[in-house]
Each structure stands twice: as structure tokens, then as C-alpha cells.
Amino acid sequence: MAFTRATGKHRRPSRMHRSTARAAGVAALATTGVVGTLAAPALAAEPEVERSGITPVITIGDSLAEEIDAQALAQRQAAADAAARKAAQEAARERAAEAAKEAREAKERAAREAERKRLNTFVPPITASYVSTAYQAGSSLWSSGSHTGIDFHASSGTTVHAVGVGTVVEAGWGGAYGNQVVIKMHDGTYTQYGHLSSIGVSVGQSVDPGQQIGLSGATGNVTGPHLHFEARTSPEYGSDMDPVAYLRSHGVNV
């Protein structure tokens, strides 16, 4: 009787084939560094290295393979978590930097707006007063024959204010003007305050709108106490311009 050798799909895989497949799986895991993390006893518990006659292979059991897979998954998850934390920290730093930048820019804008408002603020030289003598009024009282400024009604000792931002260029006796203060305004024009009973500023001093610069009086060529106020294009006598129009152009109701 003739016997035939079993072939086809029912043939049992050889020991060498199974071991080779195991070895391939270990090699793949080794590239991730997982196998290196296993303790020596874990490998020792598995079957010894087989020799196929061609290439030495390592045979591992299913439990060890599952442990390796679990460690590989844990390592990948840890790496993903670390990357997520780093991205979150970077995003937080960027948000903090952006918030700081916005706060700094807002502060700078507020400072610029405050300075713009300060420079453009003007006030009357005497609070709650009125013009008692108009600009260019004619009289023999003035050497030029006409009034070069305006007079504000004020009793002696009334507070006199700088009408705007500027720098004091004269502070002292001014002849017919008596005690006077002349201020160079931030826009290059000049204002003058005459007949003061006392002076409260000095040359070179910066002043703000509404700052007290002296007290009204009756020094110089006067018939009674008041404040003589001029607007000028230079600090010198004779460069006067209409002080009412000057103040009104800066928002002061005169």
C-alpha cells in the first residue's frame, strides 16, 4: 500500500518557523526600547534561545509579549502626555506674553492721551472773574495809546493761574507792568501776567494749567488792583495779539 505525505494548509508549522516569527516580533519591539526595560528574570522564565542551524532566535511566551506590548503602549502614552503638557505650557506662556503686551500698550495709550489732554487744557488766569478793560482800548494811561492786553477784575491777593502748560521765562519786576510773570507756552506762544502783588514761580520752572503762579495786586502803573493779561508771539513788549481770541481758541470761555 502506498502512503502519501500530508501537505497543504493542515500542515503544522515547524518549531523553527514559530521561533523565527517570535524573533521578528522581539526585534520590532527592541527598536522602541521596550525589550531593554524588561527585567532579566522575565526573559529567563521563557524558553532558552533556540538554534535553528542558521540564525539564533529568541522564543517568548504570550504573557511576555503582552507585557512588552503594554510597556510600549505606556511609553507612547507617556510621550504623548509630555508633548501635550509642553504644548499647554507654551500656549500659556504665549497668552501671558500677549496679555502683558496688551496691558503695556494700553498703559502707553493712556499715558499719551493724558499728556495730550494736559497739553491742550487751558483755563482762565483768574477764576470766576470777567474782563474789565478790553484789548486795544484807547487811553492816555498807556504809552502805546491803546491797551496791549486785557484786564481781569480782581482784588489784591487773588490767586493767578497759568492758563496752560509752559515754562517760565520771566519772573520779576517789569517796569510799568509791576511784578510780572511771562510764560512760554507749549505751542510756542507766550502769556504775560502783570501787576502782581507777589510772584510764586521762578525762571525755568515748568507749570501746568491752573497752577498758581502768583497773586494779583496793584504794582506798576495802575489805578487799582487787577490782573493785566497778554497773549504774545514773543516774550517782548509789542508782540501782543488778541488775548480773548487766544483764550477762546483754546476752549476758555471769556
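Note that this is a predicted model, so its numbers are computed, not measured. (Residues numbered from 1 in each chain as written. Predicted model: local features only at pLDDT ≥ 70, side-chain atom pairs only at ≥ 80, totals over all residues. Heavy atoms only, no water.)

J.: What should I look at first to understand the nonpolar core in this one?
T.: Among soluble globular proteins, nonpolar side chains are generally buried collectively. Grouped together as the largest cluster of nonpolar side chains are 25 residues, with contacts concentrated most on Val-181, Ile-183, Tyr-193 and Ile-213. The set of elements that each furnish at least two residues to this core consists of strand E4 (150-153), strand E7 (179-185), strand E8 (190-199), strand E11 (226-232) and helix H4 (243-249). Contact partners of Ile-213, with chain neighbours within four places excluded, come to Val-160, His-161, Ala-162, Val-181, Ile-183, Tyr-193, Ile-199, Gly-200, Val-201 and Val-207. (Core = buried A, V, L, I, M, F, W, Y, C linked by side-chain atoms within 4.5 Å. Buried < 20%, exposed > 50% of the residue type's maximum accessible area, 1.4 Å probe, protein only. Helix = DSSP H or I, 4+ residues; strand = E, 2+ residues; numbered from the N terminus. Contact = heavy atoms within 4.5 Å.)

J.: Please clarify how the pattern of salt bridges should be interpreted in this entry.
T.: Think of it this way: side chains of opposite charge can pair up when their charged atoms draw near. Overall, the coordinates contain five salt bridges when judged by the stated rule. One salt bridge in this structure joins Arg-93 and Glu-90, with 2.5 Å as the shortest N-O distance. Of this pair, Arg-93 and Glu-90 both sit in helix H3 (residues 62-119), three residues apart, which is roughly one turn of the helix. Between Arg-118 and Glu-115 there is a salt bridge; the shortest N-O distance is 2.9 Å. In this pair, Arg-118 and Glu-115 both sit in helix H3, three residues apart, roughly one turn of the helix. Residue classification places Arg-118 among the partly exposed residues on the basis of a relative accessible area of 29%. (Salt bridge = Lys/Arg side-chain N within 4 Å of Asp/Glu carboxyl O.)

J.: Looking at this model, I keep getting lost on the packing of aromatic side chains. Mind explaining?
T.: Two numbers describe a pair of aromatic rings. These are the distance of the centres and the angle of the planes. The final tally for this structure, using the stated rule, is three aromatic pairs. The interplanar angle of 80° and the centroid separation of 6.1 Å between the aromatic rings of Phe-122 and Tyr-246 together place this pair among those described as edge-to-face. One end of the pair, Phe-122, is in the loop between H3 and strand E3 (131-133); the other, Tyr-246, is in helix H4, with 124 residues separating them in the sequence. Residue Phe-122 is classed as buried on the basis of its relative accessible area, which comes to 8%. Of the residues examined, Tyr-246 reaches a relative accessible area of 6% and is grouped as buried. Arranged with centres 5.4 Å apart and planes meeting at 65°, the rings of Tyr-193 and Phe-229 form a pair that is edge-to-face. Highlighted residues: Tyr-193 in strand E8 and Phe-229 in strand E11, separated in sequence by 36 residues. Take Phe-229: its relative accessible area is 0%, and that puts it in the buried class. Grouped by ring-pair contacts, the aromatic residues Phe-152, Tyr-193 and Phe-229 constitute a single cluster. (Phe/Tyr/Trp six-rings, centres within 6.5 Å; stacked < 30°, edge-to-face > 60°.)

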